[in-house]
Amino acid sequence: MDSLQPRTALIVVDVQRAFDEWEAAGRRRNNPAAVARIADLLRAFRNRAAPVFHIRHEGTHPRSSFLPGSTGYAVKDEARELPGEPVIVKRVNSAFIGTDLESRLRAAGITTLVICGATTNHCVETTTRMAGNLGFHARLVRDATWTFDRVGPDGDAHSAEDIHAMTLANLNGEFAQIVTTAEAIAALA
């Protein structure tokens, strides 16, 4: 095993069934293969015994799709944690706020984070920005994250593809290195 390998961790953000429910209710998303790419990342990290951290969103609003005990709170089968893989429960957009994620990463000597999950412009973006601000080398996996169409405050419709692309453009270089699943896996070897 490469001596740098334990210093890289996979962060899987909010791959929960609430997003399936949103799609079933008519919301449109991009990157339909994102969950398959997340499964590829999980397999690669596990095969190399590299650390994996699962982030789970717990809703606090009474009508949240992410309330504990609701069908939306459950993790999608493809991204389910294995025994021994930590699950960090968050209640805000950032996986670093109100959790022990940072202290766990630092205690393990982890300096590089490979980040994937949902949604690109919410919890993934906020977690990625904070990772960069905290001094971690963040690699955001562009084909292993997704978002949904949105209507802005001006009433203009914005496609999931445009929102995803703009989020990646905003993060690129300053907060994170934007990579593909293949590039993230190759960097582990």
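In the block above lies the structure referred to throughout.
Now for a quick tour of the structure. Residue numbering note: each chain is counted from 1, following its sequence as written. The predicted origin of the model limits local features to residues at a pLDDT of at least 70 and limits the giving and counting of side-chain atom pairs to 80 or more, whereas totals for whole chains, interfaces and linings rest on all residues. Side-chain descriptors were evaluated using all non-hydrogen atoms of the structure, hydrogens and water having been removed beforehand.

**What about the pattern of salt bridges?**
Counted as salt bridges are all cases of a side-chain nitrogen of Lys or Arg within 4 Å of a carboxyl oxygen of Asp or Glu. Counted under the stated rule, the structure contains 15 salt bridges. Taking the shortest distance from any N to any O, the salt bridge between D77 and R80 comes out at 2.7 Å. Several salt bridges converge on common partners, so that one network encompasses R17, D77 and R80.

**Focus on the packing of aromatic side chains**
Classification of ring pairs rests on two measures: the distance between centres of Phe, Tyr or Trp rings, Trp counted by its six-membered ring, which must be within 6.5 Å, and the angle between planes, read as stacked under 30 degrees, edge-to-face over 60 and tilted in between. In total, this model carries 7 aromatic pairs according to the counting rule given. Arranged with centres 5.2 Å apart and planes meeting at 65°, the rings of F19 and F66 form a pair that is edge-to-face. Of this pair, F19 sits in helix α1 (residues 18-24) while F66 sits in the loop between β2 (52-57) and β3 (87-90), placing them 47 residues apart in sequence. Like F19, the residue F66 is buried in the burial classification. Ring centres of F19 and W146 lie 5.9 Å apart, and the angle between their planes is 85°; this geometry places the pair in the edge-to-face category. With a gap of 127 residues between them, F19 in helix α1 and W146 in strand β5 (residues 137-146) connect regions that are remote in the sequence. Strands are runs of DSSP state E lasting at least 2 residues, helices are runs of H or I lasting at least 4, and numbering of each runs from the N terminus. Each residue gets one of three labels from its accessible area relative to the maximum for its type: buried under 20%, exposed over 50%, partly exposed in between, using a 1.4 Å probe on protein chains only.

**What about helix α6 (residues 181-188)?**
Taken together, the buried positions of α6 are T181, A184 and L188. The buried residues of α6 occupy one face: seen down the axis, they fall within an arc of 70°. Turned more than 90 degrees away from the buried face of α6 sit A182 and A186, all of them exposed. On the buried face of α6, the contacting elements are β1 (8-13), α2 (34-47), β4 (112-118), β5 and β8 (177-179). Here, the arc refers to the directions that run from the helix axis to the C-beta atoms. The contact definition used throughout considers only heavy atoms, calling two residues in contact when any of these lie within 4.5 Å.

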